[in-house]
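This is what each chain is made of:
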Amino acid sequence: MARFESAFSTKMVYVYRIPDKAHEGCLKVGETTVKCGNLWELAPNSSILNAAAEKRIKEQTLTAGIKAERLYTELLVYVDKKGTLKSVNDGEVRNVLYRSGIKKKVFDVDGNPNEWVISDLETVKNAIKAAKEGRASLTGAEISKEKTPISFRPEQEDAI
C-alpha cells in the first residue's frame, strides 16, 4: 500500500554559530524548507524544524570540517492580523537587522555577500518577529545588549 506524503514545503529560518575565533560574535541567519503536515504544530525549535536546519547546516559545514552550533529555528510563515497566510524570507530578516544598525560580517576578501551578522540571538529573534509584523527595523529596546555566550573547546573548558 502506497503511503501519502504531502508535497507541501514551507520556509523556515535557522540561526547558528561557529565557535571559533574568526566567527566570534557572529551568527548565520539562513533559510531552508521543511515538509510538514500541520504547520501550526511546529513551534520554534521543534524537533522537525531542528532536523531540517541540521541537514542544511551540515550541507554548509560538514565537508569543510567545521563544527557548527544550531541556536534557533522558526517557521517564516504566519497569519497576519487579517487572517491571511503570509511569509517572509531570511533576507527580509537580515534587512531588518541592517536597518537597525546591526552590521553584516563579510568573510570573503572580495566582499561577496553572505548571511552572517554581528549580533546576538535575542536581537535576531526580535528581527524575525519584526519582519513578520512588516516593520522595517527594530526599536532600541529590541536590540539586545547581551552577547551570545562563547563556546569553549574542551581544552579551554579544562583550563577554566
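Small disclaimer: the values here were computed from a predicted structure and weren't measured.

Reading guide: rules and limits
Each chain has its residues counted from 1, running along the sequence as written. This being a predicted model, a pLDDT of at least 70 is required before a residue's local features are given, and a value of 80 or more before pairs of side-chain atoms are given or counted; all residues contribute to the totals for chains, interfaces and linings. To obtain the side-chain values, all non-hydrogen atoms of the structure were included, while hydrogens and water were left out. Strand pairing follows a simple DSSP-based rule, namely that at least 2 bridges must link the two strands. The helix and strand labels rest on DSSP assignments: H or I over at least four residues marks a helix, E over at least two residues marks a strand, and numbering proceeds from the N terminus. To obtain each axis, a line is fitted to C-alpha atoms, and for helices this fit is confined to the stretch in contact; angles are then taken between N-to-C directions over 0 to 180 degrees. Here, two residues are considered to be in contact whenever any of their heavy atoms come within 4.5 Å of each other. Paired rings are identified among Phe, Tyr and Trp, the last through its six-membered ring, by centres lying within 6.5 Å, and are further divided according to the angle between planes into stacked (under 30 degrees), edge-to-face (over 60) and tilted (the rest). Per-residue accessibility, obtained with a 1.4 Å probe over protein chains only, is compared with the maximum for each type, and a residue is labelled buried under 20%, exposed over 50%, and partly exposed between these values. Definition used: whenever NZ (Lys) or CZ (Arg) falls within 6 Å of the ring centre and also within 35 degrees of the ring normal, the charge is taken to sit over that ring. Roughly parallel here means an angle under 35 degrees, roughly antiparallel means over 145, roughly perpendicular means 65 to 115, and every remaining angle is called oblique. Each crossing is labelled by how the near helix is turned from the far one, with a counterclockwise turn of less than a right angle marking it left-handed and a clockwise turn marking it right-handed. Any residue outside Ala, Val, Leu, Ile, Met, Phe, Trp, Tyr, Cys, Pro, Asp, Glu, Lys and Arg is labelled polar, Gly included; the first ten of those are nonpolar and the last four are charged.

Participant: Help me out: how do you make sense of the sheet that holds strand β6 (residues 116–118) in this one?
Facilitator: Within a sheet, neighbouring strands are paired by backbone hydrogen bonds and run either parallel or antiparallel to one another. Read from one edge of the open sheet, 4 strands run β3-β1-β2-β6, paired in antiparallel fashion. A strand with exactly one partner marks an edge of an open sheet, and here the two such strands are β3 (69–75) and β6. Going from strand to strand, the sheet's axes swing by 30 degrees on average, the running direction of each strand aside. Judged from the 8 bridges that link them, strand β1 (residues 9–17) and strand β2 (residues 26–35) form a sheet pairing that is antiparallel. Its bridge partner being in β2, S9 is matched across the sheet by K35. Those strands touched by helix α2 (residues 90–99) are β2 and β6, and its axis lies near 155 degrees from that of β2. Sheet strands touched by helix α3 (residues 121–132): β1, β2, β3 and β6. Its angle to β3, the strand with the most contacts, is close to 15 degrees.

Participant: Is there a simple way to think about the packing of aromatic side chains in this case?
Facilitator: Aromatic rings considered in pairs are described by the distance between their centres and by the relative angle of their planes. The tally for this structure, following the rule as stated, stands at 3 aromatic pairs. Ring geometry for Y14 and Y16: centres 6.1 Å apart, planes at 10 degrees, overall stacked. Each member of the pair, Y14 as well as Y16, carries the same accessibility label: buried. A network of ring pairs unites the aromatic residues Y14, Y16, F107 and W116 as a single cluster. The ring of Y98 carries the charged tip of K104 above its face, separated from the ring centre by 4.9 Å.

Participant: Would you mind showing me how to read the pairing of β3 here?
Facilitator: Residues in a regular strand point their side chains to alternate faces of the sheet. Counting buried residues along β3, 5 of its 7 residues qualify, which places the element largely inside the surrounding structure. Relative to β3, β1 runs antiparallel, the two being bridged by 6 bridges. Paired with M12 across the bridge in β3 is L75.

Participant: Would you explain the packing of α2 against α3 in this entry?
Facilitator: Packed helix pairs are characterised by how far apart their axes lie and by the angle those axes make with each other. Between α2 and α3, whose axes approach to 8 Å, the crossing angle comes to 115 degrees. What the angle tells us is that α2 and α3 run roughly perpendicular. Helix-helix and strand crossings are classified by hand; for α2 and α3 the assignment is right-handed. In this structure, α2 uses E92, V93, V96 and L97 to contact α3, whose residues at the interface are T123, V124, A127, I128, A130 and A131. Of the residues contributing to the contact of α2 with α3, the split by class is 8 nonpolar, 1 polar and 1 charged.

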